[in-house]
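The residues making up each chain are set out below.
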Amino acid sequence: MDLEPWAAYGLELQDLGPKGRGLVAGKDFRCGEVLFREKGFRAKSPEHLALEVLASAEARAQVSHLHTGPLCHLEGETDDEKFSRAAMPEPCPTEFPRKYSKVRFNSFELNGCCFLPIMALFNHSCAPNAAITQLPPHEECHTAMVVVAEQGIARGTEIVYSYNSDCLFVPLRERRKRLLSNWGFLCKCSRCQVEEEAGLEDDEEEPPEMPQLLSWEEVDLKNVNLFQARHEVLHHPGIPFSERKQIFSAQLAAAVQLAPYLHPSLGTIYEELHDLCEASKPHTHAEKVAKFFSELGETGNALWPPTGK
């Protein structure tokens with residue numbers, strides 16, 4: 001009997017209780033290993049993507065097992081935004097709403113709207129141990145799920161990634177709001193629960209002052225508000241160059257502290273800031289991260305060095 005596609009990669013699909021199904025490591029994985037590769041479907045919008053799925057019997061079978069989100073997103077559609085029902089392939093009149101919902105709640109932005117039926121089985125976490133990255137050829141929907149936790153992933157551990165990388169660097173309340181709005185669930189991942197128990201959801205801090213924005217030697221892991229404040233003032237025209245340079249360095253150090261695992265967002269931040277960053281341990285680490293994801297994007301293979309900290 002043929003193996004399920006994920007089983008061939010050493011992954012196991014398990015029932016994880018209240019959160020539903022998820023993919024679990026069936027063996028130990030090192031940081032930098034590719035967990036799974038998949039070529040999916042791409043279109044300019046979830047609506048066009050749903051039509052593409054409906055047009056393929058194979059795709060309809062692949063999408064049948066996925067979560068169906070609230071159908072309220074179909075309300076208020078207009079002719080120019082959606083489609084003429086007459087233009088939809090059979091049996092769209094009855095299938096389209098459910099298929100659209102499945103595609104809408106299991107797709108992501110990657111040079112358009114991408115749908116990956118197997119990748120959709122991986123669950124979300126605001127403290128991910130894996131990440132999706134694009135593979136060549138970049139004009140197609142070729143992707144890989146890669147181990148990004150520096151300590152690797154031990155056998156029996158659920159493999160999780162962030163549905164929205166930007167959520168990694170925003171406070172708990174805003175993070176949950178975005179996830180609830182886009183994917184229809186209240187995040188209860190380990191990070192969200194720890195922050196909720198610490199009362200961070202109710203914190204209303206005063207805006208940080210300039211000395212706080214300039215300092216990066218003592219970065220508070222929980223202070224994502226400070227990270228946001230730096231981001232807002234990075235390109236403010238009234239800030240002297242010397243202070244701007246310090247803020248850039250502080251922002252990179254904070255990114256490393258807030259996301260101590262490898263992640264494409266950290267590589268992107270480094271690429272944006274490296275020319276103005278002071279030489280530092282965070283600078284060196286982020287440089288390695290940027291190189292890691294650059295090589296992975298070019299070749300489809302990369303492995304974080306065992307001594308890569």
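Residues numbered from 1 in each chain as written. Predicted model: local features only at pLDDT ≥ 70, side-chain atom pairs only at ≥ 80, totals over all residues. Heavy atoms only, no water.

An unreviewed UniProt entry lists the protein chain under the name SET domain-containing protein, with Durusdinium trenchii as the source organism.

**As for the overall build of the protein chain**
Convention followed: A run of H or I in DSSP counts as a helix once it spans at least four residues, and a run of E counts as a strand once it spans at least two, with each numbered from the N terminus. Think of it in three bands: residues with accessible area under 20% of the maximum for their type are buried, residues over 50% are exposed, and the middle band is partly exposed, with areas taken using a 1.4 Å probe on protein chains only. Residue contacts follow a heavy-atom distance rule, with two residues in contact if any of their heavy atoms lie within 4.5 Å. Calculation of accessible area relied on Shrake-Rupley with a 1.4 Å probe; when residues are assessed, cover is drawn exclusively from the protein chains displayed.
In terms of regular secondary structure, the protein chain is built from 10 helices and 10 strands. A buried classification covers 48% of the 309 residues belonging to the protein chain. Across the protein chain, every contact between residues at least 6 apart in sequence was considered, and the portion connecting residues at least 24 apart equals 67%. On the protein chain, roughly 15,900 Å² of surface is accessible, and the fraction owed to carbon and sulfur atoms is 50%.

**Section: the sheet that holds strand β6 (residues 113-115)**
Spelled out, the test is: Pairing between strands is defined by DSSP: at least two bridges between the two strands are required. Axis definition: a line fit to C-alpha positions, over the contact stretch in the case of helices; interaxial angles, taken between N-to-C directions, run 0 to 180 degrees.
Strand order across the open sheet formed by three strands is β4-β6-β5, with antiparallel pairing between neighbours. Since the sheet does not close on itself, it has two edges, and those belong to β4 (41-43) and β5 (107-109), each with one partner. Between one strand axis and the next, the sheet turns by 25 degrees as a mean value, whatever way the strands run. Inspection of the sheet shows β5 paired to β6 by three bridges, in the antiparallel sense. When the bridges of β6 are listed, serine 107 appears paired with phenylalanine 115. Relative to β4, helix α1 (residues 46-54) is tilted by about 135 degrees, and along the sheet it contacts β4, β5 and β6.

**Remarks on the environment of leucine 266**
Looking at where leucine 266 falls in the secondary structure, it is placed in helix α9 (residues 264-273). Leucine 266 sits in the buried class, given a relative accessible area of 0%. With 10 residues separating them in the primary sequence, leucine 266 and valine 256 have C-alpha atoms 7.0 Å apart. If we ignore the near neighbours within four places in the chain, the residues touching leucine 266 are Leu252, Ala255, Val256, Ala259, His285 and Val289.

**Observations concerning the packing of aromatic side chains**
Think of a pair of aromatic rings as described by two things: how far the centres are apart, and how the planes are tilted against each other in angle. Note the following rule: The criterion for an aromatic pair is that two Phe, Tyr or Trp rings (for Trp, the six-membered ring) have centres within 6.5 Å, with stacked assigned to planes under 30 degrees apart, edge-to-face to planes over 60 apart and tilted to the rest.
Overall, the coordinates contain seven aromatic pairs when judged by the stated rule. Plain terms: the ring middles of tyrosine 163 and tryptophan 183 are 5.4 Å apart, the flat faces sit at 55 degrees to each other, and that makes the pair tilted. With tyrosine 163 in the loop between β10 (160-161) and α4 (172-183) and tryptophan 183 in helix α4, this pair connects stretches of sequence that are 20 residues apart. Here tryptophan 183 falls in the buried class, since its relative accessible area comes to 13%. By way of ring pairs, the aromatic residues Tyr161, Tyr163, Trp183 and Phe185 are connected into one cluster.

**Some points on helix α7 (residues 224-233)**
All of the buried residues in α7 are Val224, Leu226, Phe227, Ala229 and Arg230. Here the buried face of α7 lies against α5 (190-197), α6 (210-214), α8 (241-258) and α9.

**Description of α4**
Stated formally: One less than the number of residues in a helix, times 1.5 Å, gives the span that helix is expected to have. Taking the helix axis as origin, the arc is that swept by the directions to the C-beta atoms.
Taking 1.5 Å per residue as the helical rise, α4 with its 12 residues ought to reach 16 Å, and the 16 Å between its terminal C-alpha atoms agrees with that figure. Every buried residue of α4 is accounted for by Leu172, Arg175, Arg176, Leu179 and Trp183. Axial view of α4: buried residues confined to an arc of 90 degrees, hence all on one face. In the core, the buried residues of α4 are packed alongside β5, β7 (123-124) and α5. Where α4 ends, the next residue or the one after it, glycine 184, has phi of about 75 degrees, a positive value.

**Some details on the pattern of salt bridges**
Formally: Salt bridges are defined by distance alone: a side-chain nitrogen of Lys or Arg within 4 Å of a carboxyl oxygen of Asp or Glu.
On inspection of all chains with the given rule, the structure shows six salt bridges. Residue lysine 19 is joined to glutamate 158 by a salt bridge in which the shortest nitrogen-to-oxygen separation is 2.8 Å. Remark: glutamate 158 occurs in the loop between β9 (142-147) and β10 and lysine 19 occurs in the loop between β1 (11-15) and β2 (21-25); sequence separation between them is 139 residues. For glutamate 158, a relative accessible area of 16% puts it in the buried group. Taken together, the shared-partner salt bridges connect Arg175, Arg191 and Glu195 into one network.

**Let's talk about the pairing of β9**
Where burial is concerned, most of β9 is hidden: five out of the six residues are buried. Relative to β9, strand β3 (residues 34-39) is paired through five bridges, and the arrangement is antiparallel. If you follow arginine 37 over to β9, its bridge partner there is alanine 144. As defined by bridge partners, strand β8 (residues 130-134) adjoins β9 across five bridges and the pair is classed as antiparallel. In the sheet register, isoleucine 132 faces β9, and the bridge partner there is methionine 145.

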